[in-house]
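These are the residues of each chain, in order.
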Amino acid sequence: MREQEWMLAHRAAPEQIDAPACLEKLLEQMEAGLSGRGRIPMLPSYLSTRIAAPEGAVCPVMDAGGTNLRTARAVLEEGKWHLEELEKTAMPGTGGEELSFRAFYGALAGPLKRLGGIERVGCCFSYNVSLGRELDGALDFWCKEVRVPEAVGMPVGASLRDALGGDCRAVRVLNDSVAAMLGAEDANVGVILGTGVNVCYAERCARIPKVPADLRGEEMIISTEVGEFDGFPRSTFEEAVIAATDAPDSAVAEKQCSGGYLGDIIAALWRAAAAEGLLERCPEGDLGSVSRLLQEQPDAPAAKLAAIAVRRAAKIAAVLCAGPILRTGERHVRIAVEGSQYWRLTGFREDFHRELDGLLPEGLTYEILRTENACLIGAARAAFAEPM
C-alpha cells in the first residue's frame, strides 16, 4: 500500500508509536506530577464529586473553550440542572490579534452581566490554571493559540469578578475536563477531545503529596493536563506544525492529536504528498472538510492518507486517556466525554476505542457518557462548592 509506506517514511504511521511503552512513561510522569515534579502538571481542582446545591438554585455559567465562549443561566429544578438563554460566540483572543487584559475580561463578563443574578458564577476555563483552595488561581500560560499575554500570571476568578462588578461575590473556576466530569451523572473520569485534549479523574488526597496535609482524608478531582506529555515520537508533519505554534515546547502531545492541530497536520502531509507525486493535487479545507472526505470518498488517495493520520491521533489520545483511567483503581469506569473531535470526526471514535481497549487490562470495563452541555452543568455545580 503506497500510502502506508509513504507515511512510514515520514515517521507518521500509527505503528511507529509503542503505545504500552508510552503509557508506562506517562504513568511515571503522572505520579511525579502529583508531587509537584516533572512535566505533567496534575493540577488539583480542590473540588470533590460531592457538591450539593439547594433546590431552585440559579447562577450564570461560562464555558471558555479552545474555540468558543458559551454562556447560559443554570437552574436546578427537581434535582436536575437546566440551561436557559444559551449563547455561543468566538472565544476572545483566538482571532489572531492580541487582546489587552481589560478587553479580554470585559468580553467574558459582558454575556454574564446580561444574564443577571451574578452573585455566584461558575467558570469553566479550558486553560492551565494553578487552582488553590479558594477555587481560583493564576493562569500559568496560554495554549490553543490564544493571545492575551497580560492575563498570564493573573487570577482568573478574581479578574472576572472585578470585571463583573460589585454584585458578584464568588467566581468558582474549574477546568473543562473537571466540568465535563461533574456535569455527567456519576462519572469518575472526564475527557475533552476537541480543539484541545485533557483528562481528569478522582484521586485520593492521600496520594497527592503536594496538597495541604489537612486534606489527606478527602477525595479530589485532578486535572491531569496530559496534553503536556512529550513522550511520543514525532512525525515530520507534527514537528512542522508544533514548530509553527506560539509555544512549541508546551502541550506537545495535545498538538500531536487534538482537533486544533490535526487539520494542520493533515494539510501538511497532503502538501508533501502532492509535492512528491503521491497525490495529483493537494486538497484544501479544515478538519471538517477532512471528516467529510473520509465519509464520502474513503478510497480516495488523500482520504487514505488522512485516515492513517486520524488513526495515529486516536492512538495518542487513547494513551493519554488510559493513564488517568488506570489511576482511578476502579474495575468499571464511567467516562464523560466532551469534544467535537471525538463525537464528529469520521473514524476517530472507532480508532480511539480500538486502541484504548488494547491498553486496558482484562477485566477493566468502561462506559462512555454523553451529557448535553456537560461543561456548563459542571460549572453550575462548582458555583455552589465551598472551599476545602
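Structure's up top.
All values derive from a computational prediction rather than experimental measurement.

Draft legend 1. Seen up close, the overall build of the protein chain. On a plain count of helices and strands, the protein chain comes out with 13 helices and 13 strands. Taken over C-alpha atoms, the radius of gyration comes to 21 Å for the protein chain, in line with the 21 Å a tight globule of 388 residues would show. Seen through its C-alpha atoms, the protein chain measures out along the principal axes to roughly 65 × 45 × 40 Å. Across the 388 residues of the protein chain, 58% fall into the buried class. Intrachain contacts of the protein chain at a sequence separation of at least 6 include 69% that bridge at least 24 residues. For the protein chain, the exposed surface amounts to about 15800 Å²; the carbon and sulfur share of it is 47%. Looking at charge distribution, the protein chain has the averaged site of its 41 positive side-chain charges lying 1 Å from that of its 56 negative ones.

Draft legend 2. Seen up close, the pairing of strand β6 (residues 128–131). Across 4 bridges, β6 lies against strand β7 (residues 137–141) in antiparallel orientation. Within β7, the position partnered with Val-129 by the bridge is Leu-139. Linking two consecutive strands that pair antiparallel, namely β6 and β7, is a turn of 5 residues; a positive phi of about 65 degrees is found at Leu-135 within it.

Draft legend 3. How the structure looks around the sheet that holds strand β4 (residues 80–90). Overall, mixed pairing links the 5 strands, which are arranged β4-β3-β2-β5-β8 in an open sheet. Because the sheet does not close on itself, it has two edges, and the strands there are β4 and β8 (170–174). Averaged over all neighbouring strand pairs, the angle between strand axes comes to 20 degrees, with direction disregarded. As paired elements, strand β2 (residues 58–64) and strand β5 (residues 120–125) share 4 bridges and run parallel to each other. If you follow Ala-64 over to β5, its bridge partner there is Phe-125. Contacts between helix α3 (residues 101–115) and the sheet are confined to β2, β3 (68–77), β4 and β5, with β3 contributing the most and set at about 30 degrees to the helix. The sheet contacts of helix α4 (residues 156–164) involve β2, β5 and β8, and relative to β8 the element is tilted by about 140 degrees.

Draft legend 4. Structural view of the environment of Ile-221. Summarising the element assignment, Ile-221 is placed in strand β11 (residues 219–223). For Ile-221, a relative accessible area of 0% corresponds to the buried category. Put simply, Ile-221 and Leu-43 are 178 residues apart on the chain and 8.8 Å apart in space, counted from C-alpha to C-alpha. Those residues within four positions of Ile-221 in sequence are excluded, and the remaining contacts are Leu-43, Pro-44, Ser-45, Leu-47, Ser-48, Thr-49, Val-178, Met-181, Leu-182, Cys-200, Tyr-201 and Ala-202.

Draft legend 5. Expanded view of the side chain of Thr-71. With respect to the element layout, Thr-71 can be found in strand β3. Its relative accessible area of 2% is what places Thr-71 among the buried residues. Contact partners of Thr-71, with chain neighbours within four places excluded, come to Val-61, Met-62, Glu-85, Leu-86, Glu-87, Pro-111, Leu-112 and Leu-115.

Draft legend 6. Representation of the nonpolar core. Grouped together as the largest cluster of nonpolar side chains are 112 residues, with contacts concentrated most on Ile-266, Trp-270, Leu-320 and Phe-352. When sequence neighbours within four positions are dropped, the list of residues in contact with Leu-320 reads Leu-26, Val-197, Val-199, Val-226, Phe-229, Phe-232, Ala-253 and Cys-257. Listed in part, the 29 residues of the second largest apolar core include Leu-108, Tyr-127, Cys-168 and Val-171.

About the cut-offs
- Residues numbered from 1 in each chain as written.
- Predicted model: local features only at pLDDT ≥ 70, side-chain atom pairs only at ≥ 80, totals over all residues.
- Heavy atoms only, no water.
- Helix = DSSP H or I, 4+ residues; strand = E, 2+ residues; numbered from the N terminus.
- Rg over C-alpha atoms; globule rule 2.2 N^0.38 Å.
- Buried < 20%, exposed > 50% of the residue type's maximum accessible area, 1.4 Å probe, protein only.
- Contact = heavy atoms within 4.5 Å.
- Areas by Shrake-Rupley, 256 points an atom, 1.4 Å probe, with all protein chains shown as cover.
- Lys, Arg positive; Asp, Glu negative; His and termini not counted.
- Charge placed at Lys NZ, Arg CZ, Asp CG, Glu CD.
- Pairing = 2+ DSSP bridges.
- Axes fitted to C-alpha atoms, helices over the stretch in contact; angles between N-to-C directions.
- Core = buried A, V, L, I, M, F, W, Y, C linked by side-chain atoms within 4.5 Å.

Function cannot be inferred from these measures alone, as they are strictly geometric.
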